[in-house]
Amino acid sequence: MARAVSTKTKVINTAIVGTLGFLVFFPILWIAILSFKTEENAIRAPLEVLFGSGWTFESYFTVQARSDYFKHFSNSVIISVGSTFFGLLIAVPAAWAMAFVPAKRTKDLLMWMLSTKMLPPVGVLVPIYLIFRDLGILDTRSGLVFVLMMMNLPIIIWMLYTYFKEIPGEILEAARMDGATLREEILYVLTPMAVPGIASTVLLNIILAWNEAFWTLNLTAARAAPLTQFIASYSSPEGLFYAKLSAASVMAIAPILILGWFSQKQLVRGLTFGAVK
Amino acid sequence: MGRIILDKVTKSFGEVEVIPPLDLEIDDGEFVVFVGPSGCGKSTLLRLIAGLEDVSGGHISIDGKDATEIPPAKRGLAMVFQSYALYPHMSVRKNIAFPLRMAGLDKAEQEKRVMQAAEVLNLTDYLDRRPGQLSGGQRQRVAIGRAIVREPAAFLFDEPLSNLDAALRVGMRLEISELHKRLATTMIYVTHDQVEAMTMADKIVVLQAGVIEQVGSPLELYQRPRNTFVAGFIGSPKMNLIGGAEAEKMGAATIGIRPEHIEISDTEGTWKGRVGVSEHLGSDTFFHVQTEASPEPITVRTTGEKALEYGQDVFLTPRPEHLHRFDAAGLRIE
Amino acid sequence: MATKASRAAARLMISPAVLLLLGWMIVPLALTLYFSFLRYNLITPGAHPFVGWENYYWFVTDPSFKVAMVNTLQLVGGVLLITVVGGVIFALLLDLPMFGQGIIRIMVIAPFFVMPTVSALVWKNMLMNPVNGIFGQIAKAFGFQPIDFMGQIPLLSIILIVSWQWLPFATLILFTAMQSLDREQLEAAEMDGARWPSRFIYIVLPHLSRAITVVILIQTIFLLSVFAEILVTTNGGPGTASTNLTYLIYVSSLLQFDVGMGSAGGVIAIILANIVAIFLMRMIGKNLDA
Ligand SMILES: Nc1ncnc2c1ncn2[C@@H]1O[C@H](COP(=O)(O)OP(=O)(O)OP(=O)(O)O)[C@@H](O)[C@H]1O
Ligand SMILES: [Mg+2]
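Residues numbered from 1 in each chain as written. Chains lettered and ligands numbered in written order. Predicted model: local features only at pLDDT ≥ 70, side-chain atom pairs only at ≥ 80, totals over all residues. Heavy atoms only, no water.

Caption draft 1: Expanded view of the overall build of chain C. A tally of helices and strands in chain C yields 13 helices and 0 strands. Overall, chain C shows an N-to-C arrangement of helices and strands of α-α-α-α-α-α-α-α-α-α-α-α-α. Against the compact-globule benchmark of 19 Å for 290 residues, chain C has a radius of gyration of 24 Å, which places it well outside the compact range. When its C-alpha atoms are laid out on the principal axes, chain C stretches across 75 × 75 × 30 Å. For chain C, the proportion of its 290 residues judged to be buried stands at 56%. Counted over contacts in chain C with a minimum sequence separation of 6, partners at least 24 positions apart contribute 69%. Carbon and sulfur atoms form 70% of the exposed surface of chain C, whose accessible area is close to 12800 Å². (Helix = DSSP H or I, 4+ residues; strand = E, 2+ residues; numbered from the N terminus. Rg over C-alpha atoms; globule rule 2.2 N^0.38 Å. Buried < 20%, exposed > 50% of the residue type's maximum accessible area, 1.4 Å probe, protein only. Contact = heavy atoms within 4.5 Å. Areas by Shrake-Rupley, 256 points an atom, 1.4 Å probe, with all protein chains shown as cover.)

Caption draft 2: Structural context of the overall build of chain B. Helices and strands together make up the secondary structure of chain B, namely 9 helices and 19 strands. In terms of overall dimensions, chain B has C-alpha extents of about 75 × 45 × 35 Å along its principal axes. Expressed as a percentage of its 334 residues, the buried residues of chain B come to 53%. Across chain B, the fraction of contacts at a sequence separation of at least 24, relative to all contacts at a separation of at least 6, is 62%. Counting every atom, chain B has about 14900 Å² of accessible surface; 50% of that belongs to carbon and sulfur. Taking the average place of the 37 positive charges on the side chains of chain B and the average place of its 46 negative ones, the gap between the two points comes to 6 Å. (Lys, Arg positive; Asp, Glu negative; His and termini not counted. Charge placed at Lys NZ, Arg CZ, Asp CG, Glu CD.)

Caption draft 3: Highlighting the site of ligand 1. Residues and elements named next belong to chain B. In the vicinity of ligand 1, the residues found are F13, V18, S38, G39, C40, G41, K42, S43, T44, E159 and H192. Contacts to ligand 1 include K42, whose side-chain N or O atom sits 2.7 Å from an oxygen atom. Between an oxygen atom of ligand 1 and a side-chain N or O atom of H192, the distance comes to 3.2 Å. When the free accessible area of ligand 1 is taken as 630 Å², the share hidden by the protein chains comes to 56%. Here the shell around ligand 1 takes 3 residues from helix α1 (residues 42-50), the largest share from any one element. Taken together, the residues that form the shell around ligand 1 break down as 3 nonpolar, 6 polar and 2 charged. (Near = heavy atom within 4 Å. Polar contact = N/O pair within 3.5 Å; in protein donor to acceptor, adjacent residues only side chain to side chain. Nonpolar A, V, L, I, M, F, W, Y, C, P; charged D, E, K, R; others polar.)

Caption draft 4: Quick peek at the interface of chain A and chain C. The interface is formed by 107 residues belonging to chain A together with 98 residues belonging to chain C. The contact between chain A and chain C buries some 8900 Å² in all, and 81% of this surface belongs to carbon and sulfur atoms. Counting the contacts that link chain A with chain C gives 0 salt bridges. For the side of chain A that touches chain C, the element with the highest residue contribution is helix α1 (residues 7-34) of chain A, accounting for 18 residues. Of the residues in the side of chain A that touches chain C, the class split is 80 nonpolar, 18 polar and 9 charged. (Buried area = accessible area lost by both parts, 1.4 Å probe. Salt bridge = Lys/Arg side-chain N within 4 Å of Asp/Glu carboxyl O.)

Caption draft 5: Structural detail: the interface of chain B and chain A. Listed by partner, the interface residues are 23 residues for chain B and 15 residues for chain A. Three residues, B:Y87, B:H89 and B:M102, lead the burial of chain B against chain A; their summed loss comes to 29% of the area buried on that side. The partner of A:D178 in a salt bridge is B:R146, and the shortest N-O contact between them spans 3.6 Å. The tally of links between chain B and chain A comes to 6 residue pairs in polar contact (both at pLDDT 80 or more). Elements with a contribution of two residues or more to the side of chain B that touches chain A: α1, β6 (77-80) and α2 (92-102) of chain B. Across the side of chain B that touches chain A, the residue classes tally to 16 nonpolar, 3 polar and 4 charged.

Caption draft 6: Looking closely at the pairing of strand β3 (residues 31-35) of chain B. Residue and element names in this part refer to chain B. For β3, a buried count of 5 out of 5 residues is recorded, marking the element as mostly surrounded by other parts of the structure. Side chains F31, V33 and V35 project from β3 onto one buried face, and the interleaved V32 and F34 project onto a second face that is buried too. In the sheet, β3 pairs with strand β8 (residues 186-190) via 4 bridges, with the strands oriented parallel. In the sheet register, F34 faces β8, and the bridge partner there is V190. (Pairing = 2+ DSSP bridges.)

Caption draft 7: Region of interest: the packing of helix α10 (residues 182-193) of chain A against α2(B). In the contact formed by α10(A) and α2(B), the axes pass within 13 Å of each other and the chain directions differ by 155°. Compared by their axis directions, α10(A) and α2(B) come out roughly antiparallel. The crossing of α10(A) and α2(B) is right-handed. Taking contact as the criterion, the partners of A:E184, A:Y188 and A:V189 in α10(A) are, on α2(B), B:F98, B:R101 and B:M102. (Axes fitted to C-alpha atoms, helices over the stretch in contact; angles between N-to-C directions. Parallel < 35°, antiparallel > 145°, perpendicular 65-115°, else oblique. Left-handed = near helix turned anticlockwise from the far one by under 90°.)

Caption draft 8: Representation of the side chain of B:R141 within the structure. Residues and elements named next belong to chain B. Its place among the elements puts R141 in helix α4 (residues 136-148). Its relative accessible area of 14% is what places R141 among the buried residues. Only 3.2 Å separates the side chain of R141 from the backbone oxygen of L121, close enough to count as a polar contact. The contact partners of R141, leaving out residues within four places of it in the chain, are L121, L123, M172 and E175.

Caption draft 9: Geometry of the sheet that holds strand β1 (residues 4-13) of chain B. Residues and elements named next belong to chain B. Pairing is antiparallel in the open sheet, where 4 strands are placed in the order β2-β1-β4-β5. Each having just a single partner strand, β2 (16-26) and β5 (65-66) make up the two edges of the open sheet. Bridging between β1 and strand β4 (residues 57-62) involves 5 bridges; their strand directions are antiparallel. Of the residues in β4, the one forming a bridge with I4 is I62. In the packing of α1 onto the sheet, the strands contacted are β1, β2 and β4, and the crossing angle to β1 comes to about 120°.

Caption draft 10: Seen up close, the sheet that holds strand β15 (residues 284-291) of chain B. Residues and elements named next belong to chain B. Read from one edge to the other, the open sheet built from 5 strands follows the order β13-β17-β14-β15-β16, with strand pairing classed as antiparallel. With partners counted over all chains shown, the strands left at the sheet margins are β13 (262-265) and β16 (298-303), one partner each. Across the sheet, the mean angle separating the axes of adjacent strands is 45° when strand polarity is ignored. Of the pairings in the sheet, the one linking β13 to strand β17 (residues 313-318) comprises 4 bridges and is antiparallel in character. From the neighbouring strand, I262 faces β17, where its bridge partner is P318.

Caption draft 11: Representation of unusual backbone geometry in the model. All names here are of chain B. The peptide bond linking S236 to P237 adopts the cis configuration, its omega dihedral lying at -5°. Note on placement: P237 falls in the loop between α8 (228-233) and β11 (240-242). Unusually for a residue other than glycine, A85 sits at a positive phi of about 50°. Counting through the fold element by element, A85 comes out in the loop between β6 and α2. The backbone phi angle of A184 is positive, close to 55°, even though this residue is not glycine.

Caption draft 12: Just the pairing of β17(B), in detail. Summarising the sheet, strand β14 (residues 271-280) of chain B and β17(B) pair through 4 bridges and their orientation is antiparallel. By the bridge assignment for β17(B), B:R274 is matched with B:D313.

Caption draft 13: Molecular detail of the packing of aromatic side chains. Under the definition given, this model contains 43 aromatic pairs over all chains. Pairing A:F230 with A:Y234 gives two aromatic rings, centres 5.9 Å apart and planes at 65°, and the pair type is edge-to-face. Exposure remark for A:F230: the relative accessible area of 1% places this residue in the buried category. Joined through ring pairs, the aromatic side chains of A:F146, A:F214, A:W215, C:W24, C:F227, C:Y247 and C:Y250 make up one cluster. For the cation-ring pair, A:R66 lies above A:Y234, with the distance from its terminal atom to the ring centre recorded as 4.2 Å. Against the face of B:Y87 rests B:R146, its NZ or CZ located 4.6 Å from the ring centre. (Phe/Tyr/Trp six-rings, centres within 6.5 Å; stacked < 30°, edge-to-face > 60°. Lys NZ or Arg CZ within 6 Å of the ring centre and 35° of its normal.)

This is the structure we're talking about:
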C-alpha cells in the first residue's frame, strides 16, 4: 500500500490540481473582490482591480438601502428552514414505516414518490399559480414553504429511508420490548441514532430550498421574495453596477456557502442521496 | 411467575408455513433451550412468544392469561438479542434504565434498580460509558442488565453468546446459568451450540423445520433420542448412524452408537476397519475409522493417550447396552 | 417486525406523505390537462370555451417549439457531458497525493452553493461581458476580438454556466465513489502488467459506473427544468436561440397570460419528462438492488 511518494510529485500534483481548483473557484473569489471596490474601479482591467486603489465597503450599504437585503434574507431563511422542517415532520414517520415495516409494495411506493420529482415544475406552473392566486397566497412565505416542502419531500423521504435502513431493526424491537410506544420509539431511539443522516438530509434540503429558483421567482413578487428574487432584480443593469451586483451576490450566497463549507462531511453523504458509498 | 403455553401455534410468512401447528408447555422457573439447524424456526418461535410477530393461528398464554393479542411491551417478557441491540447513543446507565423510564418509574427508583443490576453484572465501573466503548462481553451484560431490571415473567435469549469468542462464551454461559439459579425466572434460550444446550438447559426443545422433534432433559435426549434426527443432532461428535445389513442383523433400519461407546482393538472385534484421520484434543482422541459396516467412517472416542497410525488396521466393537435402534420411519425401537 | 399492530401503524405513518404527494401530483396535473383544452387567456375576460386539441396544435407547430426542444436536449446533453467528464477528471486528480487537499476540495465544491440567479448574473456580467468582463479583457490584452457570449453563443454560454454549477456535484459523488475503490485491485492489475489507460478503462471506470448513473439521473431531473439561468441572462434570446421548453412554457403562461397554451406546453413537458424518467428509473432501479 504505502508507496513512498516523493515530495516533488506531491508539489507538482498540488500545483496542477490547485490551479484547476482555483479556476473553478475564481468567479466567486472575483465577486468577493469586486464587492469591495468602488464602481469606477470595479470595471478596470483585472490587474488594476487587484492592485489599484478604490477599496470600500460602500456597496454593501448601498445594496441594503436599495433592496432591503435583510428582508429577503429572512424570507430565505424562513422558507428554506420552514420547508425542511415540515418536510421532516412528514417524512420521518413515512421513512420509518418503509424502512422498518416493509411490505411487498414498499419499493414501488418509494419509486413512485421519487417519480413525482420527475414531474417538471413548469408542467404544473399554471394551475399552481392560479390556485395560489385564488387562495390569496401568491407572494406569501407560507405558500412557498408549502411548495418547496412538496418539491423536496420525495428527496427527504428517500434520504431518510436509506439512512434508516442502516439501523438494525432489532434495536427498535428492543425498545418495543422495553415498553416504548411508537412515538417514544421514534423520538428516543430512532431519531437520536439517525442524527448524522438527518443532519445531512436537513443540510441538503436547506441548500436546495435556499437556491430554488423556479417557484421562488414565479410565485413571489415583493413581500415574500427570497434572495433568488433579490438578485434577479439586478439583472437589468442601471449604469455602473458591478460592485453593487457583486456585493449583492456575496450577501446572497455567503450564508449558504459558509454553512456548506462547515458541514462538508455530512453534506457529501447527503449529496450522494445514499446511493454511493 | 412465568408459565408459558403454546397451543397449536402456527406461523406462515405469506405462502410459506414456517411453523406448523405446535404445542409446547414451559413451566415457571424452567430454563428451556431451543436447538435445531439453521432456519428451522427457533428465532421465529421466540419472536412469536415475545409478540414481535403475530401468530398465524393458535394461542399463546402467559401465566394463564391469553397473550396472543397483547403487544410485546405488555407481555412482561424481556428479550436479549444476538446483536445485543443496545441503544448506541445512550450510556450504559441510560440503556439499563430505559425500560424503567418507559414504565414511568421515578428517577430515584430507576437509579436504585440500575445500581442493583449493575452490581449483579459487574457493570458498576462502566455505567457512564457508551456501548461503543465496551467489549463484547460487557455489551452482553448490559443487554442482560436491561432485561433484568424489568423483573420480567420470563427472559428470552436469541443466540446471545454467538458473537463472543470461545473463552468469553464459557464465562458468560456460567454467568447466565448462575443468574437463572439466583432469579429462578423462566428463561427461553435459543442456541446453535451443543455445549450451551447440554449444560444450561433444564429442558431442551429440538426443532426441525418448525416441528418439535423431542422435548426433554439434556440427559434424556442424549441417552434416549426419540428418532434419528435427534440422535444425530444432539451430541458432539455426532452419533454414528449405520444402516443396511449391519442394522438389519439387529432388527432395525438404522442403528446408532455414540463414539464413546465403541471399543477399539488391534486384534479382534465386530467390525474390521482402517484408521483414517485422528483428531487429538488432548483429553480425548477421535479416530475416524473406515469399515465395511458403513460407507461413512465411524467416529470413535478414546482417551487422550491412545495413538494409532494412519492406515493401521483395527477392530471396532460397539457396546451392546448402548446401541440405539431405529425403525424405517426413523423412530426409536425400545 | 411485522405484526398487525405495527403494519397498521405503518400505514398510518405513511399516509400523510402519500396523500400529500398524491394531491400534489393529481390536482395540478388534472387542472393542467383541463386547461390545455380551453381557450383561456388571463387578459381576455369571459368564458373559456373548450377548443379540443387547438392549443396543442398551435404549441407544437410554433417554430419556437422545435427550437426549444432541440435547445433543451442540447442543454441537458451538453451539461451532462461536461460535468461527467470534468467530474471524472477532478475525481481522479483529487485522489492524487498532494498538499492541502481539503482546501482544494472546498474550492471545487463551492459553486454548488451558489444560487442559479447569482451564478448566471456573475458569469454574464463579470466574466462574459464583452466590454468589462474578464474574458473580454483577457482577449483584448492578447489582441483578440472579445466574444459577445450572450449575443453570439447564448446557448453554449448557458451550458457553460450550468456546467459550472453542477461540476461540483459530479465531482463530489465521483470522488466519494473513487475513495471506495479497492487499492489492492489496482495494484493487482499493475502486477498483471496493465498500464495506466487499461487500469482506468477496466477497473476505475467500471467501479465508477454506478456513481456516474447516479450523477446522470439526478442531474437530468434538475437540468430538464433549468429556468433561472435563462431568465436572468438572455431571456431566452436572441430570438429563441436560448429558449428551452421550460422557458417557452413560462413565456406562454406568465408573460403572454395564455393559460391554455401554457398548459398544453406543460402537458407536453410532462410527457417528455416521463419518457426520460421511465428510462432513468429503469437504470436506477437496476442499480439500486445491486
Ligand atoms: N420475515 C420473514 N419473512 C419470510 N420468511 C422468514 C421471515 N423470517 C424468517 N423467515 C423464514 O422462516 C424460517 C425460520 O427462520 P428463523 O429465523 O426462525 O430460523 P432460525 O432457526 O432462527 O435460524 P438461525 O439458527 O439461522 O438463526 C427460515 O426459513 C426463514 O427463511
Ligand atoms: Mg435465529
